[in-house]
Structures are given as C-alpha cells and as structure tokens.
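Examination of the molecular architecture
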Amino acid sequence: MTFRLTLTVNGEPRAIELDDPRVTLLDLLRERLGLTGSKKGCDRGQCGACTVLVAGRRVNSCLALAVSLDGADILTIEGLARGDALHPVQSAFIEHDGFQCGFCTPGQIMSAVGLIREGQAGDDPERIREGMSGNLCRCGAYIGITQAVLDAQARMAGATQGDAA
Ligand code: FES
Ligand code: FES
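One structure accompanies this document, and this report is about it. (Residues numbered from 1 in each chain as written. Chains lettered and ligands numbered in written order. Predicted model: local features only at pLDDT ≥ 70, side-chain atom pairs only at ≥ 80, totals over all residues. Heavy atoms only, no water.)

Concerning the pattern of salt bridges
For the structure shown, the criterion picks out 8 salt bridges. Here E126 makes a salt bridge to R129, at a shortest N to O gap of 3.1 Å. Taken together, the residues E126 and R129, both in helix 4 (residues 125-131) and 3 residues apart, mark about one turn of the helix. In this structure R129 comes out as partly exposed when scored by relative accessible area, which is 41%. Salt bridges here are not isolated pairs; linked through shared partners, they connect D27, K40 and D43. (Salt bridge = Lys/Arg side-chain N within 4 Å of Asp/Glu carboxyl O. Helix = DSSP H or I, 4+ residues; strand = E, 2+ residues; numbered from the N terminus. Buried < 20%, exposed > 50% of the residue type's maximum accessible area, 1.4 Å probe, protein only.)

Put into structure tokens, the structure is as follows:
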C-alpha cells in the first residue's frame with residue numbers, strides 16, 4: 001500500500017509517497033529528501049538533536065510519523081539562512097561559541113528559533129535553560145548556547161521594534 005502526502009519543506013512543496021507508514025519525519029528528511037542537517041542522536045525523543053519546526057512549533061522529528069503530517073509546513077536547519085545571510089540565531093551561536101563538535105547544534109538552533117517565536121525566551125538565563133532543556137549537548141556548551149539565545153532574542157526583538165517603527 002502506498003501512502004501519499006504533501007509537505008511544504010523549507011518553503012518548497014514536496015509530494016511524498018511512502019510504502020511504510022512507520023517512517024518518521026526524521027528519516028524522511030534525512031534519507032529520502034537528503035536533508036541531513038537534522039541529526040539522529042537517540043531516535044527516542046530524549047536528546048533534541050532532531051528538532052525541527054512544524055507549523056512554527058518545535059517537534060522531535062524522530063517521534064513524529066511522516067504520514068501524520070500531511071499538509072504540514074516544516075522548517076529545518078537548511079531552510080533558516082537566506083542565501084549567505086545567516087539567521088540571527090545562527091550568527092549568535094557562532095559569536096558566543098555555542099557549540100564544540102556541532103552534532104547537537106542544528107537541533108539547538110531550531111529549538112532556540114522555536115523558543116523565541118513562542119515568545120518564551122525572555123531575558124532570564126534560567127528561563128532560557130528551562131526552555132532549551134529538551135536539547136542535550138554532550139560537549140557541555142551550555143553557557144555559550146544560553147548566551148547565544150539571549151543575544152539572538154534581544155536582536156530579533158530589536159529588529160521587530162525597528163520594523164514597527
Ligand atoms: S534523535 Fe530525536 S530526540 Fe534524540
Ligand atoms: S556541541 Fe557537541 S554535542 Fe553539543
């Protein structure tokens with residue numbers, strides 16, 4: 001039996017045919033669409049390395065069945081930059097050394113983007129640590145990650161105010 005679905009991935013419509021309803025969103029992205037930025041750390045919802053945004057919300061893509069997402073709008077790390085212009089969260093991670101090996105970084109960045117969009121980042125480091133607690137970093141780059149999210153959230157809030165002015 002073939003399962004047909006349509007997804008918008010990083011702004012592009014994608015028609016997908018699956019012969020197995022058990023394919024996760026993570027495996028679909030990595031193995032069938034060639035989008036390997038989202039990482040498979042644990043494959044069981046514990047590390048956050050696979051985080052993407054579905055309709056603007058953070059999702060562990062290793063736990064989401066692709067067939068359940070027909071019509072969904074998905075943003076992965078590959079869709080964040082605009083050409084050579086990095087997203088403010090990407091720039092902030094570089095400036096604040098928010099990574100070492102980089103394996104968790106795509107998930108950390110997507111989670112940070114989601115957290116800021118949710119309006120939950122604020123200017124309190126403790127709140128950011130709580131909001132990012134689903135994303136583990138084995139290298140222990142947490143200080144830089146928290147600083148990067150704080151900085152990016154401040155920059156994006158400033159940009160929004162500037163847009164409104
Ligand atoms: S790979 Fe999805 S949460 Fe770890
Ligand atoms: S930078 Fe290595 S796991 Fe986070």
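Focus: the side chain of T105
With respect to the helices and strands, T105 occurs in helix 3 (residues 105-117). Those residues in contact with T105 that lie beyond four places of it in its chain are F93 and F99. (Contact = heavy atoms within 4.5 Å.)

A short note on the environment of G11
Tracing the sequence through the fold places G11 in the loop between strand 1 (3-9) and strand 2 (12-18). Between the C-alpha atom of G11 and that of A154, which follows or precedes it by 143 residues, the distance is 26 Å.

With respect to helix 3
Between its first and last C-alpha, helix 3 extends 18 Å over 13 residues, near the 18 Å set by a 1.5 Å rise per residue. Across the 13 residues that make up helix 3, a large majority, 12, are buried. Of the residues trailing helix 3, G119 is marked for its positive phi of about 75°. (Expected span 1.5 Å × (residues − 1).)

Structural notes on the nonpolar core
The biggest cluster of nonpolar side chains holds 24 residues, and the ones touching the most others in it are L80, V89, F93, I109, M132, I145 and V149. The element contributing the most residues to this core is helix 3, with 6 residues. Viewed by domain, this core spans two of them, domain 1 (3-79) and domain 2 (88-164), each represented by three or more residues. When sequence neighbours within four positions are dropped, the list of residues in contact with M132 reads Q108, S111, A112, L115, I145 and V149. (Core = buried A, V, L, I, M, F, W, Y, C linked by side-chain atoms within 4.5 Å. Domains from an automatic or database assignment.)

Thoughts on the packing of helix 2 (residues 88-95) against helix 3
At a minimum axis distance of 10 Å, the contact between helix 2 and helix 3 shows a crossing angle of 125°. Taken together, the axes of helix 2 and helix 3 lie oblique to each other. Here helix 2 and helix 3 pass one another in a crossing that is right-handed. In contact with V89, Q90 and F93 of helix 2, helix 3 contributes T105, Q108, I109, A112, V113 and I116. Looking at the contact of helix 2 with helix 3 residue by residue, the class counts come to 6 nonpolar, 3 polar and no charged. (Axes fitted to C-alpha atoms, helices over the stretch in contact; angles between N-to-C directions. Parallel < 35°, antiparallel > 145°, perpendicular 65-115°, else oblique. Left-handed = near helix turned anticlockwise from the far one by under 90°. Nonpolar A, V, L, I, M, F, W, Y, C, P; charged D, E, K, R; others polar.)

Remarks on unusual backbone geometry
Positive phi, close to 50°, is recorded for A55, a residue that is not glycine. Relative to the elements of secondary structure, A55 occurs in the loop between strand 3 (51-54) and strand 4 (57-60).

Concerning the sheet that holds strand 5 (residues 73-75)
Read across the sheet, 5 strands follow the order 2-1-5-3-4 without closing on themselves; strand pairing throughout is mixed. On the outer flanks of this sheet lie strand 2 and strand 4, each paired with one strand and no other. Across the sheet, the mean angle from the axis of one strand to that of its neighbour is 40°, orientation sign disregarded. Relative to strand 5, strand 1 runs parallel, the two sharing 2 bridges. Residue V9 lies in a different strand from strand 5, and its bridge partner there is I74. Most of the contacts of helix 1 (residues 25-32) go to strand 2, to which it runs at about 105°, and overall it touches strand 1, strand 2, strand 3 and strand 5. Its contacts with the sheet put helix 3 on strand 3, strand 4 and strand 5, and the angle it makes with strand 3 is roughly 35°. (Pairing = 2+ DSSP bridges.)

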